[in-house]
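A look at the structure
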Amino acid sequence: MKRIPAFVAITGLGLEIPGLESAPAAWQGAGPAPAPAEFNPEPKLGKKGLLYKDRATKLALCAAKAALEDAGLPATPVGQADPERFGVVVSSNFGNLDTVCRVAEIIRGKGVAETSSMDLPNASSNVIATTLSIRFGLKSLNLMICNGATSGTDALYVAANAIRAGRATRMLVVGVETDNAVVAKLLADSGESPGGPRILDGAGAVVLESREAARERGAKPRAFIGDYAHGDSFATGPVPELVQANAGPASAWFTPNRALEPARGRVNEALDGWSAGDGSRLRDVSAQLGECYGALGVLQCIAACSWLAAHPAGYALATSGGVWGDDTFSSLGILARAD
Amino acid sequence: MENWITGMGMVASVGHTLDECFNAFCRGESGNKSLQAFPRERFNVGKAYEIDDRPDKGGDTPGRATKWLVRAIGQALTAAGLRAGQGRVAVLVGTGLRELRSLELWWVEGQPMHVSELHFGGAIRKSTGMRVPVMTFSNACAASNFMLGLADDMLRLGDYDAVVVSGCDSITESMFGLLDRVNPLHPEQVQPFDRNRKGVLMGEGAAALVLENPDHARLRSKGPMALLRSVGMSCDAFHETQPAMEGIQRAMTDAYDRARVEPAQIGLMMVHGTGTAANDMTEAKAIVGLMGQAGGGVMISGLKSMTGHTSGASGLVGVVTAVKAMERGLVPPTLGFNEPLAEAPGLDVVHGKAREARVNLAQVNAFGFGGVNAVAILERSEP
């Protein structure tokens with residue numbers, strides 16, 4: 001378990017989930033499922049530069065822009081705050097699977113002459129993270145994590161580390177997954193259930209910055225990044241460790257998708273063994289949005305900030321993992337601001 | 001206090017172990033061969049640097065990147081003497097293309113694939129018996145050097161006692177085909193820093209090392225193979241596929257600052273050297289800009305002339321080779337180097353044959369699509 005002093009502030013929240021009728025600061029990870037809706041990024045991003053971007057990249061761009069604006073930072077390279085110390089971590093597993101399969105199919109059927117050079121950037125899985133860097137002028141470290149179900153939580157830990165280690169003063173963290181025919185077939189052929197009426201098609205983004213940097217520019221932290229832990233279960237692993245570290249049970253436990261195993265079983269085991277664990281503390285973002293996979297940790301962080309704003313004592317636990325063949329879990333404390 | 005490298009491993013087209021690979025490099029052996037499994041008639045380019053391990057000649061099998069990664073990590077753990085249950089350990093995997101080759105074979109040929117096999121956590125936990133966090137990052141061709149930097153931070157912050165740093169990549173038909181599509185010169189070999197280079201060809205491989213807190217290593221009575229002085233990082237925020245000198249220099253300067261060294265102290269540089277017009281020109285200008293016309297006398301080695309571009313693995317392939325070079329006092333040559341770049345005629349590109357040299361500080365460059373740059377600096381360990 002990693003003790004992280006309340007040093008890394010969360011200062012901006014952004015969401016882009018087509019059909020979700022809620023502002024990020026009001027979204028606590030529950031409510032009616034998003035209505036079927038078109039995704040049209042042009043009103044938010046303008047037409048320029050979007051032509052060859054894949055859907056995941058456009059979802060990420062919208063969420064990131066919202067988070068930067070929420071943090072009071074420029075959503076453009078011009079005038080960006082200390083750009084050489086502003087980095088990016090994006091979490092996504094499904095981002096470019098459609099491009100890879102489509103290009104492979106064209107090559108196998110017709111040969112390379114029939115491919116488009118415009119697909120070249122999208123064939124590299126980190127295209128989302130680097131597109132954000134170009135769009136917003138973020139020149140410090142730039143990372144793309146594709147780590148299955150725990151990716152979003154791991155992304156927040158790694159981003160916080162970049163600030164703790166002094167590599168960056170600010171980090172933009174985005175979690176995004178998208179739904180398409182390739183993803184649907186991959187899940188079906190894997191023998192995995194969507195874990196809800198559908199899987200997430202959307203993105204969440206947060207801006208992290210050092211407490212000092214936030215104070216200097218007069219930005220008010222919504223919450224702080226707390227401790228990180230990783231383990232095989234919640235009964236003996238991350239949750240008890242975090243509860244101990246934060247001196248008492250969490251005010252809210254954002255669980256992984258309880259419609260899927262082994263996540264559901266591990267959460268139930270923890271509730272059996274953990275005296276403070278009455279079910280009223282549980283929050284399951286996936287029950288509203290469907291399985292969020294690599295985006296879950298970031299979405300939980302957003303929901304936790306909103307939850308803590310309404311319940312300002314204590315902390316929230318954001319936990320992910322245990323779905324679609326992954327059997328480990330990552331957990332992160334989200335701490336209320338002490339003011 | 002610098003973290004120690006206490007174990008290393010490598011698998012590439014020229015060898016199955018780190019020693020096999022290093023010896024092959026020093027003999028100037030190349031893994032270049034005709035395409036092993038891709039349908040030849042679909043491509044203009046007919047050569048790559050593949051690992052020749054497919055059981056079914058002419059066909060392809062899924063999971064090869066995972067297999068090499070597991071092997072390289074196994075070699076590194078064995079060399080380090082690090083076993084499951086010892087200390088607080090994490091594993092970082094840097095890859096450009098994950099198991100996207102398996103995804104292609106699933107989509108195009110109907111070969112089996114499970115969604116969790118896109119990343120490497122399950123396979124590593126199973127092969128090592130370690131119930132530890134494994135994080136897979138897809139950071140283009142700079143991936144494994146970025147992992148080295150993240151590992152250094154995790155150790156310096158006191159979060160872990162040892163971090164297994166690794167990189168792997170197999171060639172995907174989509175990336176190989178798109179690189180073919182955009183290069184009219186149809187190269188037959190990779191010629192880093194040569195004036196008449198024709199472009200990049202992909203290669204396959206995996207590399208791994210154990211980066212360890214020195215106190216933890218001493219408790220295990222383990223000494224260092226080398227010290228990690230620093231990893232500098234940057235992003236160009238400039239172009240999706242083209243490099244930018246400013247961003248590359250910023251990563252190099254970041255590495256020098258963190259390591260508290262002057263550029264002139266670097267004895268050996270494993271360049272990114274992909275053999276493309278843009279990379280090698282930009283990288284050479286960055287070197288000359290920071291180190292002077294002759295690169296301050298630094299010896300330059302372009303391993304991709306023997307491994308091809310091993311994508312996300314290439315940074316760490318350079319790192320473990322640089323450590324070996326410092327230990328053995330022998331610098332591998334750059335194949336296909338005949339005439340220096342017009343932009344940097346004075347650089348000392350080691351070529352022809354391996355060169356005996358005592359090197360105390362080595363630099364390893366890795367740059368990737370989207371302008372992601374990570375530069376490592378390593379220090380020789382006194383025996």
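Only a predicted model underlies this, so the values are computations on that prediction, with no experimental measurement involved.

Of the regular secondary structure elements, chain A holds 11 helices and 10 strands. Computed over C-alpha atoms, the radius of gyration of chain A comes to 19 Å, within 12% of the 20 Å expected from 2.2 N^0.38 for 339 residues, which places it in the range of a compact globule. The C-alpha extent of chain A, read off along each of the three principal axes, is 65 × 50 × 35 Å. Considering chain A as a whole, with its 339 residues, one finds that 63% of them fall into the buried category. For chain A, the share of sequence-separated contacts (at least 6 apart) that also reach a separation of at least 24 residues comes to 78%.

Okay, the confidence of the model for chain B next. Residues shown with low pLDDT carry predicted positions that ought not to be read at fine detail. Confidence in the prediction of chain B, expressed as mean pLDDT, is 97, and 100% of residues score 70 or more. Interface confidence in the predicted complex, given as ipTM, is 0.97; pTM for the same model is 0.98.

With that settled, consider the pairing of strand β2 (residues 86-91) of chain A. Residue and element names in this part refer to chain A. Burial within β2 is extensive, with 6 of its 6 residues counted as buried. Here β2 shows no split at all, with F86, V88 and V90 on one side and G87, V89 and S91 on the other all buried. As paired elements, β2 and strand β4 (residues 170-177) share 6 bridges and run parallel to each other. Bridging from a neighbouring strand, V90 pairs with V174 of β4. Taken together, the 4 bridges between β2 and strand β3 (residues 142-145) define a ladder with parallel strand orientation. Of the residues in β3, the one forming a bridge with V90 is M144.

This part covers the interface of chain B and chain A. With 55 residues of chain B in contact, the opposing surface of chain A contributes 57 residues. Listed by contribution, the elements that provide at least two residues to the side of chain B that touches chain A are α3 (100-109), α4 (121-128), β5 (134-138), α5 (143-156), α6 (173-182) and β8 (226-235) of chain B. If one sorts the elements of the side of chain B that touches chain A by residue count, α6(B) sits on top with 8 residues. For the side of chain B that touches chain A, the class distribution of residues is 26 nonpolar, 17 polar and 12 charged.

Turning next to helix α3 (residues 97-109) of chain A. If you check α3(A), its first and last C-alpha atoms are 18 Å apart, about what 13 residues at 1.5 Å a residue would give, namely 18 Å. For α3(A), every residue scored as buried is listed here: L97(A), T99(A), V100(A), C101(A), V103(A), A104(A), I106(A) and I107(A). Looking at the buried residues of α3(A), the elements they touch are α6 (181-189) of chain A together with α3 and α6 of chain B. Following α3(A) by one or two positions, G111(A) adopts a phi angle in the positive range, close to 105 degrees.

Right, let's talk about the pairing of strand β15 (residues 372-380) of chain B for a bit. All names here are of chain B. The element β15 is largely enclosed, with a buried count of 9 among its 9 residues. Side chains V372, A374, A376, L378 and R380 project from β15 onto one buried face, and the interleaved N373, V375, I377 and E379 project onto a second face that is buried too. Of the strand pairs in this sheet, β8 and β15 are connected by 9 bridges, and their pairing is antiparallel. Its bridge partner being in β15, S234 is matched across the sheet by N373. Bridging between strand β14 (residues 361-368) and β15 involves 8 bridges; their strand directions are antiparallel. Directly across from G368, in β15, lies its bridge partner V372.

Quick notes on the rules
- Residues numbered from 1 in each chain as written.
- Chains lettered and ligands numbered in written order.
- Predicted model: local features only at pLDDT ≥ 70, side-chain atom pairs only at ≥ 80, totals over all residues.
- Helix = DSSP H or I, 4+ residues; strand = E, 2+ residues; numbered from the N terminus.
- Rg over C-alpha atoms; globule rule 2.2 N^0.38 Å.
- Buried ≥ 20, exposed ≤ 12 C-beta atoms within 10 Å, placed from the backbone.
- Contact = placed C-beta atoms within 7 Å.
- pLDDT = per-residue confidence, 0-100.
- Pairing = 2+ DSSP bridges.
- Nonpolar A, V, L, I, M, F, W, Y, C, P; charged D, E, K, R; others polar.
- Expected span 1.5 Å × (residues − 1).

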